[in-house]
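Below are the chains, spelled out letter by letter.
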Amino acid sequence: MKCRSVACIWSGTPPVHRITATVALNHPPTLYTGGSDGSILWWDLSISDSKSEIKPIAMLCGHAAQIADLGICCPVVVSEQNTDYSSNVALNSSFDHDGALISACTDSMLCVWSRSSGHCRRRRKLPPWVGSPSIIRTLPWNPRYTCVGCCFIDAAHLSDHHLIESAEGGGISLDKESHNRKPSKCTVVIVDTYTLTIVQTVFHGNLSIGPLKFMDVVSSPDNGEKHFSVMADSSGKLQLVPLTKASHQGGEGETGLQRNSFQQETETWENGVAEAGKVVSIVTCRNIVATVLKDRSIFRQLGSDIAIGVIFFMNNVLSLEGNHVAGAMFLEGNNSKNALITGEARECKNFLVWSDRGSAVVYTISYLNSSFNSEPLCEIPAASYPPDARLSFSFVRLGQNILRIESICFDVGDLFQWRPHVTIWSLLQKHDDHGKLFHECRMLGEDFSFLRSISGASLDHKNESLSGCNSKLTSIQSTASISETVNSIDADDSWSYSVPKGQIVSSSMVISENLYAPSAIVYGFFSGEIQVVWFNLFRGLDSPAGSPRLEVDSHISRQNFVGHTGAILCLAAHRMVGAARGWTFSQVLVSGSMDCTIRIWDLDSGNLITVMHQHVGAVRQIILPPARTERPWSDCFLSVGEDSCVALTSLETLRVERMFPGHPNYPAKVVWDGTRGYIACLCRDHSRISDATDVLYIWDVKTGARERVLRGTASHSMFDHFCKEISMASISGSLLSGNTSVSSLLLPIQEDESLSQYNLKNSESGSTLSKMTGSSTSLANIINNSNTGKALPITPFVFGTRKQPIKCFCPYPGIATLSFDLSALINPFQKQEPVVKDGDKQNNSYTKDRGSKSFNAHHVTSDDGFNTDRSFPDAMEEHDWITSLEEYLVRFSLSFLHLWDVDCELDELLITDMKLRRPNDFIVSSGLQGDKGSLTLTFPGFTASLELWKSSSEFCAMRSLTMVSLAQHMISLSHSSSTASSALAAFYTRNFADKFPDIKPPLLQLLVSFWQDESEDVRMAARSLFHCAASRAIPAPLRNQEATQHTKLVRSLTGIEGSEHEISENEGTAIVGLSSESLVETQGSSKVEEAKLLAWLESYEMQDWISCVGGTSQDAMTSHIIVAAALVIWYPSLVKPSLATLVVQQLVKLVMAMNEKYSSTAAELLAEGMESSWKACIGSDVPHLISDIFFQIECVSGSSANSAGENPAVPASILEILVGTLLPSLAMADILGFLTVIESQIWSTASDSPVHLVSLMTLIRVVRGSPKSLLQYLDKVINFILQTMDPCNSVMRKTCLQRSMTALREVTRVFPMVAMNENSTKLAFGDAIGEISSASIRVYDMQSLTKIKVLDANGPPGLPSLLSGAPEMSVTTLISALSFSPDGEGLVAFSEHGLMIRWWSLGSVWWEKLSRNPVPVQCTKVIFVPPGEGFSPSTSRSSIMGSVLGHDREANTQETPRSMNYADRSKHLIHNLDLSYRLEWIGERKILLARHGLEIGNFPL
């Protein structure tokens, strides 16, 4: 499990976003737009009649190619028998609570995004034989599955540098298409959105029509149970392919799909509209198909060539000069009221048609029998833009409103100027002067441009200071007024507000000179300029107390490189391993440009080294050598150009060493395997009609020869295998080698667990590290350099770990992301344990070090891999807060992750005490990492970040856990910052939620997954956050009615607006009604509620949070069990009463599953709640559970386990919890059952089994933890201990003797009625409670372990008659304390009942030693203790002397009532029994009686 927090750094220039796909949700109003660069924007909509707002919240980064289509799906669908999904409106309404966004790009990548947090749940690439996805449609009968239409003609999906040559509005040129007479290949597949796997192939082959332009899933007009996939080409021809559906309509647990091959029974219809003009669009609604032409729209019924109606676009905004119809859609409106005026029940639909200038007309159409009617309802005017502006429009229905989504580019020659713009239009019903009903479109609002939002954020960052915190908060609270002012800007004013070319970022990268932290961000601009921004967070520190320069000096330094005449397309930074001939540079920057040149710069001096001209086309990629690349190739780089050539250039010779020509087109994906010395170049044909034209070239770097050429699907499979091998050999596990601008989304991401465990050799470690970090620099040099005002380099360390505390990505130009790994930040220097051979493996080799190791600054590892001890000057004490790299990493992380300007006092404390530096010169925002490298990045500004806090409980949990853990870890690193660290932890634990009550509470399931983290700081932080958020974050299926009403009351008092569905959505499942809840309280839980609870507990389907931490479906299910069990123990009044009975069985199963992640936590919870919660539920099953635990111990420690090799059956951490925590609690819950089990283990297990040692250890813990519960079974305890010491079983005696003697000594220490003589040769124990007439004391010989004496402890004759009200058969306290005489030949006993001391002589005559049945020996002497001070006040006792003298009447009146039965009286006596009496010898013939160490009296014998 990984806790990763993301910070995003924006360049200040709005990103390019030419919209290619849109989709919207109704509740809450949300818009998603997909762009040509692969980015997806998440828009938040606030719609009202008075004021509407549209603002971008976040950017979803999961694709590296153009977004082909967006759709809404339900990865986890609860079956609803009466739900009709036949219409998009019903489908959309069903997604409001459980829906997710599914996106597809032209590079065959599919992503499923959570609708609440926006992070990527699943990211997966379709197989190459499918083709390029173009259309996504959700299945009507089961929205978990989507129908994906893929084609092999990809002319519209060219890379961004060919965007200018594409057609207007993103469409394909029909003229070009008409020349393509070859059969069009197409694939239609059904994809499960839960796993993103193909579950059915509907169609795969050549279409009977032209190239695929449209696809939808419709129902048969004759039989609604039959479904078809409708495909159409640009000429209006339709082809129907039937979709098979199960009879149960895909209920829960069923796919509803047949996994057979695609059906060949297809139908084709010629609509006959090709001669009428070119088809603009084809849309469907149920069984009606509308074919939209330039001047009309023709309506037909599905399966019929006869037109049922026509709408001509005349006398409206569509017929104006310069307007061309661009698209149409059914609005799915229900206007049956209009039809009922005529007295007929017609089915009415709204039909929207728009033009390429943004104007639109809404028609209402109705059809009954053969009568077709249509009339225009309202118009939307065209957008006012200059005639030469490039425009693209699309429309989306959102409730009773229409969204017009625009893409605008004012500079035709500048493809980086595409910007989005969204407007909201309302359909309002009014009556005119004549009383006729009509519709009027009115614009409710529009979004403020990206340019103004990001530029405004840039200005805010530059003007921010600590003194301006209050004004910043004021601006945060008045966001609505600011957005309203921006929205009021005229459109004409926005034309001139374009970004100059010199400010448009065309390429960017992050320089990370080592494996730990970034050092700079590099921006390449469209004008050809390059800017390097350095992170100098420690600049200007002269003393620990700081200096005036602390507040004056800038935290960053900038370098500018000028020389290119074209846009910068790629960047790379490299630290030299060797030395260039005739040059002194050590770190270089390589840049590739649109001007076909490569320039090499010296990063240290900023000078140009050389200009290279090996390409005749634009240079698109710079690829650095990966780890373990041998000399001389370790100082080389690859350049990839649009001339389809790949060149290998040496930085030592500054010459081109190898050329790899002959590629059929531009190789978009190039990887370098430095270990084996090969280069793989994948070329994709963007005008192909089949997948056979994709070609993979494999080149030998050393010889320059082409080793192999693979075509078709084999090329993709080999390329993926190639990438996997490179990732396995990489130190960091990343496929990208070094610091390059290549997007992390372009290449496949390999999971960390699949990486190989490589043992680095010293030479390999040195070359790899020096390549990334340069020469080794001691901490002393770092400190000395800090006084000069220069940037502080990070000391390079070599450790056997693959963890990177901070990973850097640039998904798109101008966007730099920093991903902070919590475990690596807290423990960045943890070494991996070496692999040990079977014979040398130690017993505790698999034991984890759960402590948090702090870095020892005196222990440094050099580049050659050898550890060296270095001494440092006294300056290390002067600068102790910056000498440790671990400290630097924590401070760097907190600076970028903290929410500045929310609590000004905390900010000042962090700056003064913790020495944090605010990143004022950077535009920083929050983010969230998803599956396989995907990212969700909020836009700059506190409002967008706060929106993520309000919508995502996963983000709240991960960010809070990171901040609290780092704050606690900072205390151990720097004690001077303990005050600031505590305040920071309190802010993210409680104070932030108090300031903003409407933020989501942290997700409990995510927090419990870190309860067994290796770091103690993380474990403590996760538990603290759990307790602080538990009352607000209880999942709805578990919540009691009182807790639900309390939550609603709190929300109403704090002024948080929200409906019922928001509460249920936050916590999982809908809340049951009040009537059923009252029934639960009066009559117990119903079977329906228990079924819901069990379904929640046993839920195996992956939750949203799993993809955030890199978990599995098993983690989702086990975390549910842990959360439920913890709530039952700690918050029993807030959960349903029946939950304890249901969850305890699941908890026991989880314990016995021996899961390394969760079984320890489950065992702790089972032990903690055994007495209060679980004992009543599983009391009879406790002995079976104890036996199962012993069986696990026997399996893991027996000979079979020893022969199994390195991996034990039970991890040591779980074994420790089982033995040390769970077993004692189970034993205390059922003492008799525990004693019975351990006695049976003596005969059922081997004599040398560790089970006997564990039994003794558990017995010792029970004696210490719950001694009174053992009083009734003290004889069984003694007998078991003695059996483990049986001299007849030499193997068991040898194994257990030491532990058995320890147990005996512990028993004699705790129980005063058990005693051993000084030389441990005799043992005596008496009955603590029982009947007066049957009391005895047994004496054992410790050498032979035989019973040598039985002492009669009944007392002298007549004792019961001397005690008033004490019959002979009543149960009472018998022996309160025992003690052997110093010579061991005598035994003295004190009885609190009767207050008497008795003496026995243990000397035996020879005939007594021969007898096997010792005769009870009467006491030799009796001493009556007078009543007085010092005795136990809670013990029911009587005194013989007091009874005789008449002083004990008061005590007799306080005795236990005689109405009690034997068992109840025994429990009462045990509860009040005092175990603090002691008998001590004073000399040889005098005894001292004491209680709690205080003397009561001494008595001579």
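Model, not experiment: these values are computed from the prediction.

1. A word on the overall build of the protein
When helices and strands are tallied, the protein shows 41 helices and 65 strands. For the protein, buried positions account for 58% of its 1501 residues. If you sum the accessible surface of the protein, you get close to 59,900 Å²; carbon and sulfur atoms cover 50% of it.

2. A short note on the pairing of strand E31 (residues 520–525)
Among the 6 residues of E31, 6 are classified as buried, and the element is accordingly described as predominantly covered. Neither face of E31 is exposed, since Ala520, Val522 and Gly524 on one face and Ile521, Tyr523 and Phe525 on the opposite face are all buried. In terms of strand pairing, strand E30 (residues 505–511) meets E31 through 6 bridges, oriented antiparallel. Its bridge partner being in E31, Met509 is matched across the sheet by Val522.

3. With respect to the side chain of Ser1015
Checked against the element boundaries, Ser1015 lands in the loop between helix H19 (1004–1008) and helix H20 (1016–1033). A relative accessible area of 6% places Ser1015 in the buried class. A polar contact of 3.3 Å, which involves the side chain of Ser1015, links it to the backbone nitrogen of Asp1017.

4. What to know about the pairing of strand E52 (residues 935–938)
Going residue by residue along E52, you find Leu935 and Leu937 tucked away on one face and Thr936 and Thr938 tucked away on the opposite face as well. Strand direction decides the pairing type here: strand E5 (residues 53–61) and E52, joined by 4 bridges, are antiparallel. Each residue of the ladder has a partner; that of Ala58, found in E52, is Thr938. Where strand E51 (residues 923–929) lies against E52, 3 bridges are found, and the strand directions are antiparallel. Looking across to E52, one finds that Leu928 is bridged to Thr936. Adjacent in sequence and paired antiparallel, E51 and E52 are bridged by 5 residues, among which Lys932 carries a positive phi angle near 50°.

5. Details of the environment of Trp583
Structurally, the position occupied by Trp583 is in the loop between strand E34 (568–575) and strand E35 (587–593). In this structure Trp583 comes out as partly exposed when scored by relative accessible area, which is 38%. Sequence separation of Trp583 and Thr653 is 70 residues, and the distance between their C-alpha atoms is 9.8 Å. Beyond its immediate chain neighbours, meaning those up to four positions away, Trp583 contacts Ile609 and Leu654.

6. Notes on the confidence of the model for the protein
On average, residues of the protein score 75 in pLDDT, and 70% of them reach the 70 mark or higher. Across residues 247–256, where pLDDT falls below 50, the model places 16 contacts with residues more than four positions away in sequence or in other chains. This model gives residues 458–468 a pLDDT under 50, and the stretch forms 17 contacts once residues within four places in sequence are excluded.

7. Description of the sheet that holds strand E8 (residues 109–114)
In space, the 4 strands of this open sheet follow the order E6-E7-E8-E9, with antiparallel pairing throughout. Two strands lie at the open edges of the sheet, namely strand E6 (67–73) and strand E9 (120–125), each paired on one side alone. Sheet twist, expressed as the average angle between the axes of neighbouring strands with direction ignored, equals 15°. By the bridge criterion, 5 bridges tie strand E7 (residues 100–105) to E8 in an arrangement that is antiparallel.

8. A few points about the sheet that holds strand E44 (residues 695–700)
In space, the 4 strands of this open sheet follow the order E42-E43-E44-E45, with antiparallel pairing throughout. Every other strand in the sheet has two partners, leaving strand E42 (667–673) and strand E45 (706–711) as the edge strands with one partner each. Strand-to-strand, the axes of this sheet are offset by a mean angle of 15°, without reference to chain direction. Direction of pairing for strand E43 (residues 678–683) relative to E44: antiparallel, over a ladder of 6 bridges. The residue of E44 that forms the bridge with Ala680 is Ile698.

9. Section: the side chain of Gln614
One can find Gln614 in the loop between strand E37 (608–612) and strand E38 (619–623). Note on Gln614: relative accessible area 14%, which makes it buried. At a separation of 3.1 Å, a polar atom in the side chain of Gln614 contacts the side chain of Thr649. Residues contacting Gln614, with those up to four places away along its chain left out, are Ile598, Ser639, Asp643, Ala647, Thr649, Val656 and Met659.

10. Focus on unusual backbone geometry
Between Arg631 and Pro632 the backbone carries a cis peptide bond, its omega angle lying at 5°. By the secondary structure assignment, Pro632 is in the loop between E38 and strand E39 (636–641). Positive phi outside glycine occurs at Ser108, with the angle close to 70°. As for its position among the elements, Ser108 is in the loop between E7 and E8.

11. Concerning the packing of aromatic side chains
Within this structure, the stated rule accounts for 30 aromatic pairs. Measuring from centroid to centroid gives 5.1 Å for Phe535 and Phe922, while their planes differ by 20°, and the two rings are stacked. Highlighted residues: Phe535 in strand E32 (residues 530–535) and Phe922 in the loop between helix H15 (904–912) and E51, separated in sequence by 387 residues. Relative to Phe955, the ring of Trp949 has its centre 5.2 Å away and its plane inclined at 80°; by these criteria the two rings are edge-to-face. Taken as a pair, Trp949 and Phe955 share a single burial class, namely buried. Grouping aromatic residues by their ring pairs yields a cluster made of Phe942, Trp949, Phe955, Phe987, Tyr988, Phe992 and Phe996.

12. A closer look at H20
Between its terminal C-alpha atoms H20 stretches 24 Å, which fits the 26 Å expected from 18 residues at 1.5 Å a residue. Buried within H20 are the following residues: Asp1017, Val1018, Arg1019, Ala1021, Ala1022, Leu1025, Phe1026, Ala1029, Ala1030 and Ala1033. Its side-chain oxygen placed 3.3 Å from the backbone nitrogen of Asp1017, Ser1015 serves as the N-cap of H20.

13. Some points on the environment of Ala1021
Within the secondary structure, Ala1021 sits in helix H20. By relative accessible area, Ala1021 is classed as buried at 0%. Measuring from C-alpha to C-alpha, the distance between Ala1021 and Met963 comes to 9.0 Å, with 58 residues separating the pair along the chain.

14. Side note on the packing of helix H18 (residues 978–995) against H20
At a closest axis distance of 10 Å, the pairing of H18 and H20 adopts a crossing angle of 30°. The angle between H18 and H20 places the two elements in the roughly parallel class. Contacts between H18 and H20 involve Tyr988, Thr989, Arg990 and Ala993 from the former and Ser1024, Leu1025, Cys1028 and Arg1032 from the latter. Grouping the constituent residues of the contact of H18 with H20 by class yields 4 nonpolar, 2 polar and 2 charged.

15. A closer look at helix H36 (residues 1290–1310)
With 21 residues, H36 ought to run about 30 Å at 1.5 Å a step, and its terminal C-alpha atoms sit 29 Å apart, in line with that. Along H36, the largest kink reaches about 60° and is centred on Cys1296. When H36 is considered as a whole, its buried residues turn out to be Met1292, Cys1296, Ser1300, Met1301, Ala1303, Leu1304, Glu1306, Val1307, Thr1308 and Val1310. Contacts from the buried residues of H36 go to helix H33 (1231–1244), helix H34 (1250–1265), helix H35 (1274–1284), strand E53 (1314–1316), strand E54 (1322–1326) and strand E63 (1477–1481).

16. Some details on the pattern of salt bridges
The full count for this structure, using the stated rule, is 20 salt bridges. Of the charged contacts, one joins Lys1157 and Asp1115 as a salt bridge, the two residues approaching to 3.5 Å between their closest N and O atoms. In this pair, Lys1157 is assigned in the loop between helix H27 (1139–1152) and helix H28 (1159–1168) and Asp1115 in helix H26 (residues 1113–1130), connecting sequence segments 42 residues apart. Taking relative accessible area as the criterion, Lys1157 reaches 39% and is therefore assigned partly exposed. The network of salt bridges with shared partners includes Asp69, Arg137 and Asp216.

17. Concerning the packing of H26 against H28
Packing of H26 against H28 brings their axes to within 10 Å, and their N-to-C directions diverge by 20°. Accordingly, the angle class assigned to the pair H26 and H28 is roughly parallel. Read as a crossing pair, H26 and H28 show a hand that is left-handed. Facing Ile1122, Ala1125, Ala1126, Ile1129 and Trp1130 of H26, the residues of H28 in contact are Thr1161, Ala1162, Leu1165 and Glu1168. In terms of residue class, the contact of H26 with H28 is made up of 7 nonpolar, 1 polar and 1 charged.

18. Re the nonpolar core
Counting 213 residues, the largest nonpolar core has Trp1174 and Phe1311 as the members making the most contacts within it. Of all the elements, helix H17 (residues 953–973) adds the most residues to this core, at 11 residues. Those residues in contact with Trp1174 that lie beyond four places of it in its chain are Ala1125, Val1128, Ile1129, Ala1140, Val1143, Val1144, Leu1147, Leu1165, Leu1166, Gly1169 and Gly1179. Core analysis: the second largest hydrophobic core is formed by 27 residues, Leu41, Trp43, Val396 and Ala944 among them.

The rules behind the values
Residues numbered from 1 in each chain as written. Predicted model: local features only at pLDDT ≥ 70, side-chain atom pairs only at ≥ 80, totals over all residues. Heavy atoms only, no water. Helix = DSSP H or I, 4+ residues; strand = E, 2+ residues; numbered from the N terminus. Buried < 20%, exposed > 50% of the residue type's maximum accessible area, 1.4 Å probe, protein only. Areas by Shrake-Rupley, 256 points an atom, 1.4 Å probe, with all protein chains shown as cover. Pairing = 2+ DSSP bridges. Polar contact = N/O pair within 3.5 Å; in protein donor to acceptor, adjacent residues only side chain to side chain. Contact = heavy atoms within 4.5 Å. pLDDT = per-residue confidence, 0-100. Axes fitted to C-alpha atoms, helices over the stretch in contact; angles between N-to-C directions. Phe/Tyr/Trp six-rings, centres within 6.5 Å; stacked < 30°, edge-to-face > 60°. Expected span 1.5 Å × (residues − 1). Parallel < 35°, antiparallel > 145°, perpendicular 65-115°, else oblique. Nonpolar A, V, L, I, M, F, W, Y, C, P; charged D, E, K, R; others polar. Bend = angle between axes of the 7 residues up to and from the residue. Salt bridge = Lys/Arg side-chain N within 4 Å of Asp/Glu carboxyl O. Left-handed = near helix turned anticlockwise from the far one by under 90°. Core = buried A, V, L, I, M, F, W, Y, C linked by side-chain atoms within 4.5 Å.

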